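# Fold and geometry: a report
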Amino acid sequence: MVTELVLDRVRVRFTLPGATVAAVDDVSLSLRPGECLALVGESGCGKTVLANALLGFLPGNAETAGTATLRGDGPELDLLTATDRELATTVRGRRIGLVPQSPASHLTPVRTARAQIEEAIRVHRSPHTADAVAARAGLSPEDIDRYPHQLSGGMAQRVANALALVGDPWLLVADEPTTGLDRHLVDSLIEEFRRMVTAGHAVLLITHDLAAAQRVADRVAVMYAGRVIEIGPARKVLETPLHPYSKGLGNALPDRAFTPIPGQPPLLTDLPAGCSFAPRCDRVAPICAERPALTDDEHAVACHRPC
Ligand SMILES: Nc1ncnc2c1ncn2[C@@H]1O[C@H](COP(=O)(O)OP(=O)(O)O)[C@@H](O)[C@H]1O
Ligand code: SF4
Ligand SMILES: [Mg+2]
């Protein structure tokens with residue numbers, strides 16, 4: 001049976017006193033072994049909420065709709081409606097590994113990194129040694145003998161990356177895994193991701209770092225205000241973007257024009273009825289008062305007047 005993760009119109013909403021936050025809206029995409037999909041977009045567009053939804057890590061005020069079907073390598077299940085027990089025993093760390101954003105806060109403060117990696121090895125009945133897993137994430141045996149408070153931000157990031165690799169999950173969801181890493185470590189992490197993809201794993205790389213996405217991703221999905229507004233082969237999305245927002249993101253890169261997109265993303269509590277990007281868009285036209293749907297193409301875009 002084919003192994004895949006298929007998201008179909010996934011929504012996540014948070015209820016706050018007097019307001020609803022539409023953090024993820026109608027996201028449809030799929031992932032297969034042997035590919036890396038980068039999910040890019042400015043801070044606050046819903047990337048982490050989407051990752052957490054897939055692993056069942058949403059808070060009590062969240063409500064989901066749509067489906068996220070995990071097939072192959074175990075029983076088929078919808079990650080959005082699976083019980084916490086199903087996710088804990090059959091998904092987390094085994095079929096899907098998560099490198100969480102802000103990894104330092106996910107490490108147990110009173111135990112060394114080695115103890116935490118060894119525990120994960122026991123839980124997942126992994127054939128690897130702690131030193132071998134650590135080495136894959138760029139850590140020496142001495143590094144992992146430290147306690148979390150003795151780790152730099154970059155080292156804590158690498159420990160989180162190592163922990164996610166222990167169970168050899170077919171899918172790795174890595175949420176901003178390059179944060180705090182110097183260039184050399186970013187390079188080795190990207191190499192590790194490419195190795196995993198070549199070995200038949202899938203990587204969902206969540207990042208606001210377009211340069212990292214460019215180096216590792218086969219496909220790129222661009223998210224804006226909770227929606228995927230462009231998705232397709234990495235080269236096409238990054239080099240010949242169709243959506244004015246994707247184009248603006250590229251132009252903001254230091255090695256390009258370095259021109260930030262004017263304005264701010266909309267409040268997710270108060271999204272415009274039409275295209276969410278309209279207030280910042282230099283191509284806006286009357287038709288943009290209607291919300292554009294994502295096309296069905298290999299290189300798909302949600303825009304009435306693509307570039
Ligand atoms: N528990 C929550 N309650 C209400 N809003 C939340 C909650 N968690 C996240 N959000 C909101 O959801 C939006 C998306 O956040 P997030 O996924 O963290 O963005 P990103 O990872 O793309 O930077 C933000 O506006 C954030 O404030
Ligand atoms: S739909 Fe209209 S406002 Fe939205 S990005 Fe396209 S051109 Fe701009
Ligand atoms: Mg985030």
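The sections below set out a description of the structure shown in this document. Chains are numbered independently. Their residues run from 1 in the order of the written sequence. Naming scheme: in the order in which they are written, chains are lettered from A and ligands are numbered from 1. With pLDDT at 70 or above as the cut-off, local features in this predicted model cover only qualifying residues; side-chain atom pairs require 80 or more to be listed or tallied, and sums for whole chains, interfaces and linings still use all residues. The basis for every side-chain value is the complete set of heavy atoms in the structure, and neither hydrogens nor water enter the calculation.

## Examining the site of ligand 2
Formally: We define proximity as follows: a residue is near a molecule or strand when any one of its heavy atoms falls within 4 Å of that partner. Only Asp, Glu, Lys and Arg are considered charged, only Ala, Val, Leu, Ile, Met, Phe, Trp, Tyr, Cys and Pro nonpolar, and every remaining residue, Gly among them, polar.
Ligand 2 sits among 13 residues. The nearest are Cys 275, Cys 281, Cys 288, Cys 303 and His 304. When its residues are assigned to classes, the shell around ligand 2 shows 9 nonpolar, 2 polar and 2 charged.

## A few points about the sheet that holds strand S2 (residues 19-31)
To keep things clear, this is the line we draw: Pairs of strands are assigned from DSSP output, requiring at least two bridges between the strands. Helix and strand definitions follow DSSP, with helices as H or I runs of at least four residues and strands as E runs of at least two, each counted in order from the N terminus. Residue contacts are defined here by distance: any two heavy atoms, one from each residue, within 4.5 Å place the two residues in contact. Working convention: axes come from line fits to C-alpha atoms, limited for helices to the stretch in contact. Angles between N-to-C directions cover 0 to 180 degrees.
Strand order in the open sheet made by the 4 strands is S2-S1-S4-S5, with antiparallel pairing throughout. Two strands close off the open sheet at either side, each with one partner strand: S2 and strand S5 (77-78). Here strand S1 (residues 4-16) runs beside strand S4 (residues 62-71); their pairing, made up of 9 bridges, is antiparallel. Across the sheet, residue Val 6 finds its bridge partner in S4, namely Thr 69. Against the sheet, helix H1 (residues 47-54) contacts S1, S2 and S4, and its axis sits at roughly 115° relative to S1.

## Digging into the coordination of the magnesium ion (ligand 3)
Here is the rule we go by: Ligating atoms shown are N, O and S within 2.8 Å of the metal, or 3.2 Å for Na, K and Ca, and water is not included, meaning a site may look less than complete. Relative accessibility decides the category of a residue: with a 1.4 Å probe and only protein chains considered, values under 20% of the type maximum give buried, values over 50% give exposed, and everything between is partly exposed.
Surrounding the magnesium ion (ligand 3) are the protein donor atoms Thr 48 (OG1) and Gln 101 (OE1), which sit 2.0 to 2.1 Å from the metal. Taken as a pair, Thr 48 in helix H1 and Gln 101 in the loop between strand S6 (96-99) and helix H3 (113-123) lie far apart in primary sequence, 53 residues in all. On the basis of relative accessibility, which here comes to 25%, the residue Thr 48 falls in the partly exposed class. Judged by relative accessible area, Gln 101 falls into the partly exposed class, the value being 34%.

## Description of the site of ligand 1
For clarity, the cut-off: Polar contacts, as used here, are pairs of N or O atoms within 3.5 Å; protein pairs need one atom able to donate a hydrogen and one able to accept it. Residues neighboring in sequence count only if both atoms are side-chain atoms. Residue exposure ignores everything except the shown protein chains as possible cover, and the areas themselves are Shrake-Rupley values with a 1.4 Å probe.
The full set close to ligand 1 counts 15 residues, and Gly 44, Gly 46, Lys 47, Thr 48 and Val 49 are the nearest of them. Gly 44 has a polar backbone atom sitting 2.6 Å from an oxygen atom of ligand 1. In this structure, an oxygen atom belonging to ligand 1 sits 3.2 Å away from a main-chain N or O atom of Cys 45. Notes on ligand 1: free accessible area 570 Å², of which the protein chains cover 68%. Every element with two or more residues in the shell around ligand 1 is listed here: S1, S2 and H1. Take the shell around ligand 1: its biggest share by element is 3 residues, from H1.

## Thoughts on the pairing of S2
Note: S1 against S2, 9 bridges, orientation antiparallel. What sits directly across from Val 10, in S2, is Val 27. Remark: 2 residues form the turn of the hairpin made by S1 and S2, two consecutive strands paired antiparallel; Gly 18 in that turn has positive phi of roughly 80°.

## A word on helix H6 (residues 183-198)
Since the α-helix advances by 3.6 residues per turn, residues separated by three or four positions end up pointing in the same direction. To be explicit about the condition: To estimate the expected span of a helix, subtract one from its residue number and multiply by 1.5 Å. Within this analysis, the arc is defined by the directions that extend from the helix axis to the C-beta atoms.
In a regular helix each residue adds 1.5 Å, so 16 residues correspond to 22 Å; H6 covers 22 Å between its end C-alpha atoms and thus fits that length. Here H6 has its buried residues at Leu 185, Val 186, Leu 189, Ile 190, Glu 192, Phe 193, Met 196 and Val 197. Taken around the axis of H6, the buried residues stretch over an arc of 155°, which confines them to a single face. Facing away from the buried side of H6 by over 90 degrees, the exposed positions are Arg 183, His 184 and Thr 198. Check the buried side of H6 and you find it contacts strand S3 (36-40), helix H4 (130-136), helix H5 (153-165), strand S7 (171-175), strand S8 (202-207) and helix H7 (210-216). Between the side-chain oxygen of the N-cap and the backbone nitrogen of His 184 there are 3.1 Å, and the N-cap of H6 in question is Asp 182. In the stretch just after H6, Gly 200 is the one whose phi turns positive, near 100°.

## Structural notes on the packing of aromatic side chains
Note the following rule: When two rings of Phe, Tyr or Trp (its six-membered ring) have centres within 6.5 Å they constitute a pair, described as stacked for plane angles under 30 degrees, edge-to-face for angles over 60, and tilted for the intermediate range.
Under the defined criterion, the tally for this structure stands at 3 aromatic pairs. With a centroid separation of 5.2 Å and 90° between ring planes, the pair formed by Tyr 224 and Phe 277 is classed as edge-to-face. Linking Tyr 224 in strand S9 (residues 219-224) with Phe 277 in the loop between helix H9 (244-251) and strand S11 (300-301), this pair joins segments that are 53 residues apart in sequence. Measuring from centroid to centroid gives 5.4 Å for Tyr 245 and Phe 277, while their planes differ by 65°, and the two rings are edge-to-face. Of this pair, Tyr 245 sits in helix H9 while Phe 277 sits in the loop between H9 and S11, placing them 32 residues apart in sequence. Judged by its relative accessible area of 0%, Tyr 245 is buried. Through pairs of rings, three or more aromatic residues link up here, namely Tyr 224, Tyr 245 and Phe 277.

## Description of the nonpolar core
Basically, it comes down to this: Side-chain atoms within 4.5 Å are what join buried Ala, Val, Leu, Ile, Met, Phe, Trp, Tyr and Cys residues into a set we call a nonpolar core.
Of all hydrophobic cores here, the largest spans 83 residues; its most connected members are Leu 5, Leu 7, Leu 79, Leu 171, Phe 193, Leu 204 and Val 220. A total of 7 residues in this core trace back to one element, the largest contributor, which is H6. When sequence neighbours within four positions are dropped, the list of residues in contact with Leu 171 reads Leu 5, Leu 31, Arg 95, Ile 96, Gly 97, Ala 202, Val 203 and Leu 204. Grouped together as the second largest cluster of nonpolar side chains are 17 residues, Ile 117, Ala 137, Leu 151 and Val 166 included.

## Observations regarding the side chain of Ser 246
Within the secondary structure, Ser 246 sits in helix H9. A polar contact is formed between the side chain of Ser 246 and the side chain of Glu 230, at a distance of 2.8 Å. The contacts of Ser 246, once residues within four sequence positions are left out, are Val 222, Ile 229, Glu 230 and Pro 241.

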